[in-house]
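# Structural features, examined
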Amino acid sequence: MVSDSEKRHIKPILIALIVALLPQVLRLPLWITCWCIWLWGYMYHISRSQRPLPGRFTRRLLTGISMLGLILSFGYTIGGSAFISLIAVMAGLKPLEAGTHRDRMVAVFLSYFLIITNLIVFENLAITLYMFFSVAVTTAALIHINHPEGKINHHFQYSLRMVVQALPLMIILFLLFPRIQGSLWGIKQRPYGYTGFSNSLSLGDVARLVVNDDIAFRVEFESPVPGSEKLYWRGIVFWTFNGREWTRGYPVSESAQTISGKDEVSYIVTLEPRGNRWAFALDMPVDSPPSSSLMGDHTLRLNQSPRKKIRYRLTSYTSYNTGEMNRWEERALRLPPHGNEQSRQLAAEWRSMHSDDEALVSEALGYFRSNNFIYTLKPPRLGGNQVDDFLFSEKKGFCEHYAASFAFLMRASGIPARIVGGYMGGTMNPYGNYMIVHQSDAHAWVEVFLKGKGWVRIDPTSAVAPGRISEGVATALSRDELPAFLIGEDDLWLSDFWQQIKFGWDAISTQWDIWFISYSFWEQQALLAWLGIVSGSNRWLNITLLLVMCAAILFAAGFILFRASRYSEKKDRVQDHYIEFCKKLAQKGIVRRPAQGPYDYAKMIKKLDQPFGEKAADIIDLYVTLRYGEGGNAGDVGKFKIMVKNFRFEQK
Amino acid sequence: MKSLFPHGEIVKKKSASVPATLGQKHIYIVPNWYGLLFLLILSGMLIGSINYNNNLGFLLTFLLGGMMLVGLFHTHKNLKGLRIVSVKADPVFSGDTAVLECLVSAPGHDRAAVSFCIKNEETVTGDISRNADSVVNLPFAAEKRGAFKPGPVQVKTTFPLGLYVSWSVVYPQKTCIVYPAPSPGPALLTNDNAVSHDNGETTGPGVEDFQELRMYQPGDSLQRVSWKAFSRGQGLYTKTFTVQFGSDSFFDWERIRIPDTEKKLSAICHGILQAHRQKIPYGLKLPGHTIPQGKGETHKHRCLKALALYPDFY
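The rules behind the values
- Residues numbered from 1 in each chain as written.
- Chains lettered and ligands numbered in written order.
- Predicted model: local features only at pLDDT ≥ 70, side-chain atom pairs only at ≥ 80, totals over all residues.
- Helix = DSSP H or I, 4+ residues; strand = E, 2+ residues; numbered from the N terminus.
- Expected span 1.5 Å × (residues − 1).
- Buried ≥ 20, exposed ≤ 12 C-beta atoms within 10 Å, placed from the backbone.
- Arc of directions from axis to C-beta.
- Contact = placed C-beta atoms within 7 Å.
- Nonpolar A, V, L, I, M, F, W, Y, C, P; charged D, E, K, R; others polar.
- Pairing = 2+ DSSP bridges.
- pLDDT = per-residue confidence, 0-100.

## Structural notes on helix H1 (residues 33-52) of chain B
Spacing of three or four residues puts side chains on the same side of an α-helix, whose turn is 3.6 residues. With 20 residues, H1 of chain B extends 29 Å from end C-alpha to end C-alpha; this agrees with the ideal 28 Å at 1.5 Å per step. Among the residues making up H1 of chain B, those that are buried are Tyr34, Gly35, Phe38, Met45 and Ser49 of chain B. Each buried residue of H1 of chain B lies within a common arc of 95 degrees when the element is viewed along its axis, so the set occupies one face. Residues of H1 of chain B that are exposed and point more than 90 degrees away from the buried face comprise Leu36, Leu40 and Ser43 of chain B. Against the buried residues of H1 of chain B lie helix H6 (101-121) of chain A together with strand E3 (28-31), helix H2 (55-79) and strand E12 (164-171) of chain B. Residue Asn53 of chain B follows H1 of chain B closely and has a positive phi angle near 50 degrees.

Rendered as structure tokens:
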């Protein structure tokens, strides 16, 4: 037989589980979502109707079906998504057993567990806010289980109150709980996020990046923002050409020569997580941030690929001289022995015309400028002699085509050249005063070595599509080539409005990411240093400090809560005085019965028709106001006390 | 869930007796099994967060940890200040379930899901509002007759989170009078002259009052037959009479011949109840204690109390 009291619990548990599971819905296999919805719908229907709770056989059958489904979907792997699906299925089945208090508590704990699985998968401001909501709902369910007679609304408010009260301790623990570098045991972390450039560059690679709307990194400038023609973000350098593609080649010296320069720019880069270890810097970086090194070709290599957003501060010279060429850099002249003969010939022609390297470079740029080259995202396929095909037949390509062919020509004419892959340009976010660099800003250009000047950037794209440099890729390409997200700035006011919203949210989200998501060991050290506690990496000092802070918070919390109960103590004092008053009367034989209310008592006194009756009535009136009414004014308790103390039987 | 933690025996001397306000000194609070399980889950979350360096995981763990700590204060606060103003236990007969009526008041704020129970007895759970004093009825078994002091009252709650159990013990000083269970026996109302019989008849000097007619049974005195009714052709009926007792009718301990004390007390109890029902005045003569004749509820209770407390009277 089912009792109503058992059914009362089902609804809040269901709500808590649904709220907790909701963010995962799109990522879970469809059958699991449908299965959970069906199971919960079934339980909800039962809770509303007269039907009994499912018996043991039904439960076992449903559990068996669920397990079967899981095994069919995932095999026996224990991966991340399999685990989350398992928890989801458990959440689906749990409400079936709402019979005992223990079952219900376990169901609520399961809900808390679901919330944390959300946090593993997503990591942004939106899910953080949702987490607070989920916790409030689940805690409301927990309170309701322990007080089924109460109203769910009250319990939700109570839950919110508790969450708010818990916030200070949460913040303190978050800031001060000892963080360690690395992990407790070396769990291999799977690569995460879009990889961007890889270690090789084939024709078409950059074009593929451009159609991606993701954000590559954000930059906050501490100096004035350089002009758009200087916004080259250096990522990776390609040294070796094998006839088909350009690769980085090994080894590259691991320490960079110091460069000289001027027009120093300071900035902070917030890099999105990625699968490779290249960080981006404005041409040309002077130093490397912690946990990274500046390579011989002035690219930044991180010690490990960032699984989450990282921030680093850099300084760059936008006008620079990299100094003398090193021996190992002589590979910048190497070409495959055969192939692209036409291009080699062109290069030789130029060499004979100009003995001066700089003049040759100008000649080459002029060639691109005046030979009807077209800048396009979708160039035709090229044959075996890529460079020849591109330069002499097709003449249509994206930045990597121009960079690759230019570098080839330079090497063929005896000038050391290398290709640099990275990003060019960026969009300032008006709300946040920082620059967003998207994947669609991906770019490739060339560096040539000129005597006396070092490695100098030459961007052949500027010769073909100067708009790309000054205004970005959206203006340089023809409209029908552009991916959808780049079109439309002048289309509908709605898209403009939408753009504003995106900017606004990005600004908030970025601040959140900066201050919160990336908080870890180094930030904690910085915070401790700022607080005046320089601890180095002394873990024990950190832990002690934390314990002290926690104890302080505990005492503070206790103090606050006990002060809050001072309100009840005030009523206690009132009560005590009233009891004193009753005792006085009792001594004269006017005894108040234990359950006799104050008004009844007053009536009784009045009946006696004694001279002190009026005074007694006043006292009782004030007592009722203090105890049952609005509480009276601040001084009333004291007044009450005095009235009781001065009460005499002989008074008029 | 049965708690395995020791309750209440710890501090006996300073424990509160009624009227009592539950205060810091008397309230204990301990995590229960669910609280420990919750801590285990939190530890798991914490380790996972450290290992994956997931800041959101840390945030959730610390939020839940903070909330658990806040819950500690809330659960404690649910009991703190609760007043057991007075208790009362109406007398019952041996074998019945007595009820300890506790008047409970909750100054300052409402209390939710507070459980009261007498040790080893049934638990009563409810909410106490701050505006009105509540009466909590705690049943307890009253086996033996006599003055019974109900065991300590344990006040317990796990509200709001169900992760802690907070309790306090109150020792009510009231006693409950347990009357002997009535059982029919030859307990006779006597005075020095008249005797009351089992069949309800009484004989003796004094004015005889007609009581009722009943069927003639062989052996009845022919003098008692109602000839009037017989002459009307209604059959043979015997008249029964009662004697109006004067001020001398008592249940006399000495005169009643039942060897076992308890049975004797039970029989007298039964007799008293009967006399009370029939509205006959009666008195009680126990060795060392005499209760003069009387009628009515108060008198009945006085006599029953004397029976309950026998051989002590106070």
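There's plenty left to go through after this.
## Re the interface of chain B and chain A
Each partner contributes residues to the interface: chain B has 45 residues there, and chain A has 52 residues. Elements that contribute at least two residues to the side of chain B that touches chain A include exactly H1, H2, strand E4 (83-89) and strand E7 (111-118) of chain B. With 18 residues, the single largest contributor to the side of chain B that touches chain A is H2 of chain B. Looking at the side of chain B that touches chain A, its residues break down into 26 nonpolar, 16 polar and three charged.

## Considering the sheet that holds strand E6 (residues 97-105) of chain B
Residue and element names in this part refer to chain B. Spatial strand order, E2-E4-E6-E9: four strands in an open sheet with antiparallel pairing. Two strands in the sheet have a free side with no partner beyond their single neighbour: strand E2 (20-21) and strand E9 (134-141). The pairing of E2 with E4 spans two bridges and is classified as antiparallel. Looking across to E4, one finds that Thr21 is bridged to Arg83.

## Here we look at the confidence of the model for chain B
Residues and elements named next belong to chain B. Counting all residues, the mean pLDDT for chain B is 79, and 83% of those residues have values of 70 or more. In this model, residues 1-15 is a region of pLDDT below 50 whose contacts with residues beyond four sequence positions or in other chains number 16 contacts. The ipTM assigned to the predicted complex is 0.74, against a pTM of 0.63.

## Let's talk about the confidence of the model for chain A
Residue and element names in this part refer to chain A. Per-residue confidence for chain A gives a mean pLDDT of 79, with 85% of residues at or over 70. Considering each helix and strand of chain A separately, the mean pLDDT is smallest for helix H1 (residues 4-8), with a value of 65, and largest for helix H7 (residues 125-146), with 91. Scored below 50 in pLDDT, residues 184-193 makes 13 contacts in the model with residues more than four places away or belonging to other chains.

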